[in-house]
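Structure at a glance
Here is how the chains run, residue by residue.
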Amino acid sequence: MPNRNAYLCVLFEPAVLDGLAALAAALGQAAGGPDGFRAMERDAVHMTFFFAGESLGQLSGERLEEFHAAVSAVVEQFHAHGSDAALQLSGVCVCVCVC
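All figures in this text were calculated on a predicted structure; none of them were measured in a lab. (Residues numbered from 1 in each chain as written. Predicted model: local features only at pLDDT ≥ 70, side-chain atom pairs only at ≥ 80, totals over all residues. Heavy atoms only, no water.)

1. Examining the overall build of the chain
Using the following cut-off: A run of H or I in DSSP counts as a helix once it spans at least four residues, and a run of E counts as a strand once it spans at least two, with each numbered from the N terminus. Each residue gets one of three labels from its accessible area relative to the maximum for its type: buried under 20%, exposed over 50%, partly exposed in between, using a 1.4 Å probe on protein chains only. Whether two residues are in contact is decided by their heavy atoms: any pair within 4.5 Å suffices.
Scanning the chain for helices and strands turns up two helices and two strands. Its helices and strands taken in sequence order, the chain reads β-α-β-α from the N to the C terminus. Looking at the chain residue by residue over its 99 residues, the buried ones come to 10%. Put simply, of all contacts in the chain between residues at least 6 apart along the chain, 80% involve residues at least 24 apart.

Shown next as structure tokens:
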């Protein structure tokens, strides 16, 4: 069932997705196969770095347009200053959510 969560994310290039898929396959084998580990679909992999939950859905159309303009301006400024930093996987952290 779709949700109404809003977030900004980093999308990875195909070579990065391929590497992460290979890592997920190896983790799946180490965890006992498909019954012990469920990897994300390759094309769904992304890195969320700003999570707004359902709060953006509560905004008026005008306020949502203002939010979009502000976010777009920040992203453009970040990009204009040469912030095309390459991502490098330097480790893996196992996190368990106890909700």
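2. Notes on helix H1 (residues 14-30)
Definition in use: By this rule, a helix spans an expected 1.5 Å times one less than how many residues it contains. Working definition: the arc comes from the directions between the helix axis and the C-beta atoms, pointing outward to the latter.
Here H1 contains 17 residues, and its C-alpha end-to-end distance of 24 Å stays within 8% of the 24 Å for a straight helix at 1.5 Å per residue. Every buried residue of H1 is accounted for by Leu17, Ala24 and Gly28. Along the axis of H1, the buried residues cluster in a sector spanning 40 degrees; they form a single face. Set apart from the buried face of H1 by more than 90 degrees, the exposed residues are Ala15, Gln29 and Ala30. Count one or two residues on from H1 and you reach Gly32, which has phi positive near 100 degrees.

All we've got here are geometric facts, nothing functional implied.
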